[in-house]
Amino acid sequence: MKSIKTVTKIMLGTLMLGTAATAEPNLPPPIGDMVKIEKIAGPAGAFVAKENFPKDYFLIPKNLPYLVGMTLYDSSSSKLGLSQKQIDAILKVKEDLMSKAVKKALVIKKLELDMMQQISFKHKSQKVTELYPRVDEIAKLRAELTKIHLECIEKVKAVLTPEQFEEMLDYGVVNMF
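Computed from a predicted model, the values in this text were never measured in an experiment.

A.B. asks: Give a detailed account of the overall build of the protein, specifying residues and quantitative values.
C.D. replies: Secondary structure assignment for the protein yields 6 helices and 0 strands. Secondary structure elements in the protein, listed N-terminal to C-terminal, are α-α-α-α-α-α. In the protein, buried positions account for 29% of the 177 residues. Taking contacts inside the protein between residues at least 6 apart in sequence as the whole, the part at least 24 apart equals 76%.

Below you can see the structure in the form of structure tokens.
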């Protein structure tokens, strides 16, 4: 006999799969924005297989949510029932903070690429201890960039009702089970 927990997981999984097929994003993915940002970012460094700019330059690139994407572009975001006023407010947050984030990430990337040039392509290069101040500067800038991300999270949450926020967590949190 299957446990209640297993049956519940199966039922929830089936329900999620059934509703995922009918869910749609609030807005289509911003392909034009992504192309523009890729162009601004320029080529990735020599040791990077694929760059996710500007996210790769955050101090915490993986363990904080990207609420603009979750509320507007996620395939289930229409479940939130956002009003046009809310969508416009989130787009305004994106517009205000994205340009700040891109500028800061470009500075970080330049510093990192300069350091890469200094240490990686010559057998005899400067002592690594001479690079420590640059590492500290990069860490400070990454922290500032992450604070922009945190500000974005706070501002998007302020646009959502508690119920919309909970709904977003329902479809946005990975590996719930």
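Continuing now.
A.B. asks: Residue-level account of the pattern of salt bridges, with values.
C.D. replies: Under the definition given, this model contains 8 salt bridges. Ionic pairing is found between aspartate 96 and lysine 92, a salt bridge with its closest N-O pair at 2.9 Å. Separated by 4 residues within a single helix, aspartate 96 and lysine 92 lie in helix α4 (residues 84-120), roughly one turn from each other. Here glutamate 112 makes a salt bridge to arginine 142, at a shortest N to O gap of 2.7 Å. Taken together, the residues span a long stretch of sequence, with glutamate 112 in helix α4 and arginine 142 in helix α5 (residues 132-159) at a distance of 30 residues. Residue glutamate 112 is classed as partly exposed on the basis of its relative accessible area, which comes to 25%. Arginine 142 sits in the buried class, given a relative accessible area of 17%.

A.B. asks: Mind laying out the nonpolar core, listing which residues take part and the relevant values?
C.D. replies: Counting residues in hydrophobic clusters, the biggest one holds 35 residues, and the most contacted among them are Ile90, Leu145 and Val156. Looking at this core, the elements with two or more residues in it are α2 (31-41), α3 (67-73), α4, α5 and α6 (162-172). Residue contacts for leucine 145: discarding those within four places in its chain leaves Pro54, Tyr57, Phe58, Ala101, Lys104, Ala105 and Ile108.

A.B. asks: Go over the layout of surface pockets with me, naming the residues and quoting the values.
C.D. replies: Empty space within the largest pocket amounts to approximately 790 Å³. Together, 29 residues line the largest pocket, and Ile37, Phe53, Pro54, Lys55 and Met98 are the ones closest to its centre. Elements that contribute at least two residues to the lining of the largest pocket include exactly α2, α3, α4 and α5.

A.B. asks: Pulling in residues and values, what's your account of the environment of valine 107?
C.D. replies: For valine 107, the position within the fold is in helix α4. Valine 107 sits 50 residues away from tyrosine 57 along the chain, and the two C-alpha atoms are 9.8 Å apart.

A.B. asks: Before we move on, could you go through the packing of α2 against α4 and cite the residues and values that matter?
C.D. replies: Between α2 and α4, the least distance of the axes is 10 Å, while the angle of their chain directions is 25°. By the angle between their axes, α2 is roughly parallel relative to α4. At the point where α2 passes α4, the crossing takes the right-handed sense. Counted together, Asp33, Ile37, Ile40 and Ala41 of α2 and Lys94, Met98, Val102, Leu106 and Lys109 of α4 form the full contact between these two elements. The residue inventory of the contact of α2 with α4, partitioned by class, reads 6 nonpolar, no polar and 3 charged.

Here is what the cut-offs are and how they apply
- Residues numbered from 1 in each chain as written.
- Predicted model: local features only at pLDDT ≥ 70, side-chain atom pairs only at ≥ 80, totals over all residues.
- Heavy atoms only, no water.
- Helix = DSSP H or I, 4+ residues; strand = E, 2+ residues; numbered from the N terminus.
- Buried < 20%, exposed > 50% of the residue type's maximum accessible area, 1.4 Å probe, protein only.
- Contact = heavy atoms within 4.5 Å.
- Salt bridge = Lys/Arg side-chain N within 4 Å of Asp/Glu carboxyl O.
- Core = buried A, V, L, I, M, F, W, Y, C linked by side-chain atoms within 4.5 Å.
- 1 Å grid on protein atoms, 1.4 Å probe; cavity = no way out; pocket = protein on both sides within 12 Å on 5 of 7 lines; lining within 4 Å.
- Points joined across faces, edges and corners; volume = space filled by probe spheres on them.
- Axes fitted to C-alpha atoms, helices over the stretch in contact; angles between N-to-C directions.
- Parallel < 35°, antiparallel > 145°, perpendicular 65-115°, else oblique.
- Left-handed = near helix turned anticlockwise from the far one by under 90°.
- Nonpolar A, V, L, I, M, F, W, Y, C, P; charged D, E, K, R; others polar.

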